[in-house]
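# Coordinate inspection notes
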Amino acid sequence: MKAVVITKYGGPEVLQLEEVEDPTPGAEEVLIKVAATALNRADTVQRKGAYPPPKGSSPYPGLEASGTILALGSSLSPGSPWNVGDEVCALLSGGGYAEKVAVPVGQLLPVPPGVSLRDAAALPEVACTVWSTVFMMSHLSPGESFLIHGGSSGIGTFAIQISKYLGIKVFVTAGSEEKLEACKNLGADVCINYKTEDFVARVKEETGGKGVDVILDNMGGSYFQRNIDSLSVDGRLFIIGFQGGPTAEVNLSPMLAKRLTVQAAGLRGRSIENKAKIVEEVKKNVWPAIAARKLKPIVFKTFPLAEAAEAHRLMESSSHIGKILLIP
């Protein structure tokens, strides 16, 4: 098969489409013919050498994919519940940038009603990330308020939609009026341009000085103090990225005074069992919202697999809204 190989660590130009060995599915895995894969910021970090795949995972980038089942592992019986020929999307620990990928059976999801096979590739990573962090761990609940940094990203556009579906007041930050307009059109209640506004002041203004209940943060160190200052009593901060660096000098006293909780987690390094649990929760809680047309994948642009480098340049420019797909 053909796959995108990281020929050495560096810029987008190190991504090359090469002929490689087909993956062999393990006993509890299925082999998928990939229809599409989606970019995630983690792919660019892996390309630079700072985010190696977990032991035993595919060396090729790509954390999600959609496609058709080609083969079942030796421990899987037809119809339990998958069959050869089924159209699926999947959460991966790597290997999506390829014509075929082997996936643990617990990380498969059916293509939701009303979503094309291609666009379904844009769902697994964002759905599993947002549901596992914000809902399963930070316990965001109907009637609460929620601040999403990077509201126009793949994660952000998904988080806006699922939160509005569940009756949550949504605040977002983004860096342009075009991005903020996209967030507003998806249902965001308060849209803040972080380049021209102080998001702490705006959050306080919009909440009568109270602050928000939950924050989903992709910046890390550079936003840590301001995030703490933006939270309400019993507020929860969840960190999923370090685009603003991993370190900060911080005044911790508001954490004590407001009984704050700070958590951080990735998805890729979790156990197969833990990922299967998250996928099952997503199927139960998120897929009905998609079937009800209350939530949809937001796809900004598609590229052929051979143009993965160009797709990475687009992602790193941060000029996109939603997801970027690669098509084998």
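Above this note sits the structure.
Just so you know, these numbers come straight off a predicted model, no measurement behind them. (Residues numbered from 1 in each chain as written. Predicted model: local features only at pLDDT ≥ 70, side-chain atom pairs only at ≥ 80, totals over all residues. Heavy atoms only, no water.)

### Overview of unusual backbone geometry
The peptide bond linking Ser80 to Pro81 adopts the cis configuration, its omega dihedral lying at -5 degrees. Of note, Pro81 is situated in the loop between strand E4 (64–72) and strand E5 (87–91). Non-glycine residue Arg259 carries a positive phi angle of around 55 degrees. Within the fold, Arg259 resides in the loop between helix H7 (253–258) and strand E13 (261–264). Non-glycine residue Ser318 carries a positive phi angle of around 55 degrees. Counting through the fold element by element, Ser318 comes out in the loop between helix H10 (308–317) and strand E15 (323–327). (Helix = DSSP H or I, 4+ residues; strand = E, 2+ residues; numbered from the N terminus.)

### Re the pairing of strand E11 (residues 212–217)
Two faces, one strand: in a regular strand the side chains alternate between the faces of the sheet. Among the six residues that make up E11, six are buried, leaving the element largely enclosed by the rest of the structure. With five bridges connecting them, E11 and strand E12 (residues 231–239) associate as parallel partners. Residue pairing across strands places Leu216 opposite Phe238, the latter belonging to E12. In this view, the connection linking E11 to its parallel neighbour E12 by way of helix H6 (residues 224–230) has right-handed handedness. (Buried < 20%, exposed > 50% of the residue type's maximum accessible area, 1.4 Å probe, protein only. Pairing = 2+ DSSP bridges. Right-handed = clockwise from strand over helix to strand, strands pointing away.)

### Points about the packing of helix H2 (residues 124–137) against helix H8 (residues 272–285)
Their axes nearest at 9 Å, the elements H2 and H8 cross at an angle of 90 degrees. With respect to their mutual orientation, H2 and H8 come out roughly perpendicular. Contact residues: Ala127, Cys128, Trp131, Ser132 and Met136 in H2; Lys277, Ile278, Val279, Glu281, Val282 and Asn285 in H8. The class makeup of the residues in the contact of H2 with H8 is seven nonpolar, two polar and two charged. (Axes fitted to C-alpha atoms, helices over the stretch in contact; angles between N-to-C directions. Parallel < 35°, antiparallel > 145°, perpendicular 65-115°, else oblique. Contact = heavy atoms within 4.5 Å. Nonpolar A, V, L, I, M, F, W, Y, C, P; charged D, E, K, R; others polar.)

### A short note on the side chain of Asp43
Counting through the fold element by element, Asp43 comes out in helix H1 (residues 41–47). One buried charged residue, Asp43, remains without a salt bridge, the closest side chain of opposite sign being Arg268 at 6.4 Å. One polar contact links Asp43 to Tyr97, side chain to side chain, over a distance of 2.7 Å. If we ignore the near neighbours within four places in the chain, the residues touching Asp43 are Ala38, Gly62, Leu63, Tyr97 and His312. (Lys, Arg positive; Asp, Glu negative; His and termini not counted. Salt bridge = Lys/Arg side-chain N within 4 Å of Asp/Glu carboxyl O. Polar contact = N/O pair within 3.5 Å; in protein donor to acceptor, adjacent residues only side chain to side chain.)

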